[in-house]
Amino acid sequence: METMFWTSLAAMDICLENSQKKARVNAFGVDIAENMIASARERYPACTFTVGPCAPLGFENESMDVITVSCAFHHFENPQTFADECLRVLKVNGKVFIAEPFFSPLVRCLANTLVFPFSKKGDVRVYSQRELQLFFESAGFTEFESYITDTVLFLSAEK
């Protein structure tokens, strides 16, 4: 995500492994892994980090301007619940930005049926571009941008 210059921006990042924040924001991070939270606290002491699940999110209604998820959505056991929570905590015109691994349909099918059911890394399911957008459409988001570059699927959804 590009640097944003809102004076009262509240941003939240879900799953911190791939995060790099450099903007001046009130930033919050959520991850289920205590070691990721500890690392994030060391790197970004001015930010607030919480050990917890991606859903439900422990934030008030309409309290965030931006939510980012970097290489984590495929770990979510209840992705629709997460999309619903994003809609709840985002302010009007707030956005969620997602970057996820992208696989061809054949590789995606093999990963979802033969690899992920036996994964010890928390992988649940990888999604097509359309499947990912449907979660956020079902939650009530209305504006979408999505594109694929090599092996990464990017999606943004606006409330």
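Residues numbered from 1 in each chain as written. Predicted model: local features only at pLDDT ≥ 70, side-chain atom pairs only at ≥ 80, totals over all residues. Heavy atoms only, no water.

Asks: What should I look at first to understand the pattern of salt bridges in this one?
Replies: Scanning the model with the defined rule gives five salt bridges in all. Where Arg125 meets Glu131, a salt bridge forms, and the shortest distance between an N and an O atom there is 3.3 Å. We classify Glu131 as partly exposed; its relative accessible area is 28%. (Salt bridge = Lys/Arg side-chain N within 4 Å of Asp/Glu carboxyl O. Buried < 20%, exposed > 50% of the residue type's maximum accessible area, 1.4 Å probe, protein only.)

Asks: I would appreciate a short explanation of the packing of helix H2 (residues 79-89) against helix H4 (residues 129-139) in the present structure.
Replies: If you want to describe how two helices pack, look at the angle between their axes and the distance between the axes. At a minimum axis separation of 8 Å, H2 and H4 run at an interaxial angle of 50°. Between H2 and H4, the angle is such that the two are oblique. In terms of crossing hand, the pair formed by H2 and H4 is right-handed. Only Leu134, Phe135, Phe136, Ser138 and Ala139 of H4 make contact with H2, whose side of the interface consists of Pro79, Gln80, Phe82, Ala83, Asp84, Cys86 and Leu87. (Axes fitted to C-alpha atoms, helices over the stretch in contact; angles between N-to-C directions. Helix = DSSP H or I, 4+ residues; strand = E, 2+ residues; numbered from the N terminus. Parallel < 35°, antiparallel > 145°, perpendicular 65-115°, else oblique. Left-handed = near helix turned anticlockwise from the far one by under 90°. Contact = heavy atoms within 4.5 Å.)

Asks: Can you help me understand the environment of Leu134 in this one?
Replies: Residue placement: Leu134 occurs in helix H4. A relative accessible area of 37% means that Leu134 is categorised as partly exposed. Put simply, Leu134 and Gln80 are 54 residues apart on the chain and 9.0 Å apart in space, counted from C-alpha to C-alpha.

Asks: Can you help me understand H4 in this one?
Replies: One turn of the α-helix equals 3.6 residues, which is why residues spaced by three or four share an orientation. Along H4, the positions that sit buried rather than exposed are Leu132, Gln133, Phe135, Phe136 and Ala139. Seen along its axis, H4 keeps its buried residues to an arc of 145°; they face one direction. Just downstream of H4, Gly140 is the residue with a positive phi angle, here 120°. (Arc of directions from axis to C-beta.)

Asks: When you look at the nonpolar core in this model, what are you seeing that I'm missing?
Replies: Soluble, globular proteins show a tendency: their nonpolar side chains are buried together. Formed by 27 residues in total, the largest nonpolar core has its most connected members in Phe73, Phe82, Val96, Phe136 and Phe141. When residues of this core are traced back to their parent elements, those giving at least two are strand S4 (64-70), H2, strand S5 (90-101), H4 and strand S7 (152-158). The greatest single-element share of this core, amounting to five residues, is contributed by H2. Those residues within four positions of Val96 in sequence are excluded, and the remaining contacts are Ile67, Cys86, Leu90, Phe136, Phe141, Leu155, Ser156 and Ala157. (Core = buried A, V, L, I, M, F, W, Y, C linked by side-chain atoms within 4.5 Å.)

Asks: What is the right way to read unusual backbone geometry from this model?
Replies: Cis geometry is adopted by the peptide bond preceding Pro56, which originates at Ala55 and carries an omega value of 0°. By the element assignment, Pro56 lies in the loop between strand S3 (48-51) and S4. We note that Cys71 has phi near 55°; this positive angle belongs to a residue other than glycine. Located in the positive-phi region is Asp150, a residue other than glycine, with phi close to 50°. Residue placement: Asp150 occurs in the loop between strand S6 (143-149) and S7.

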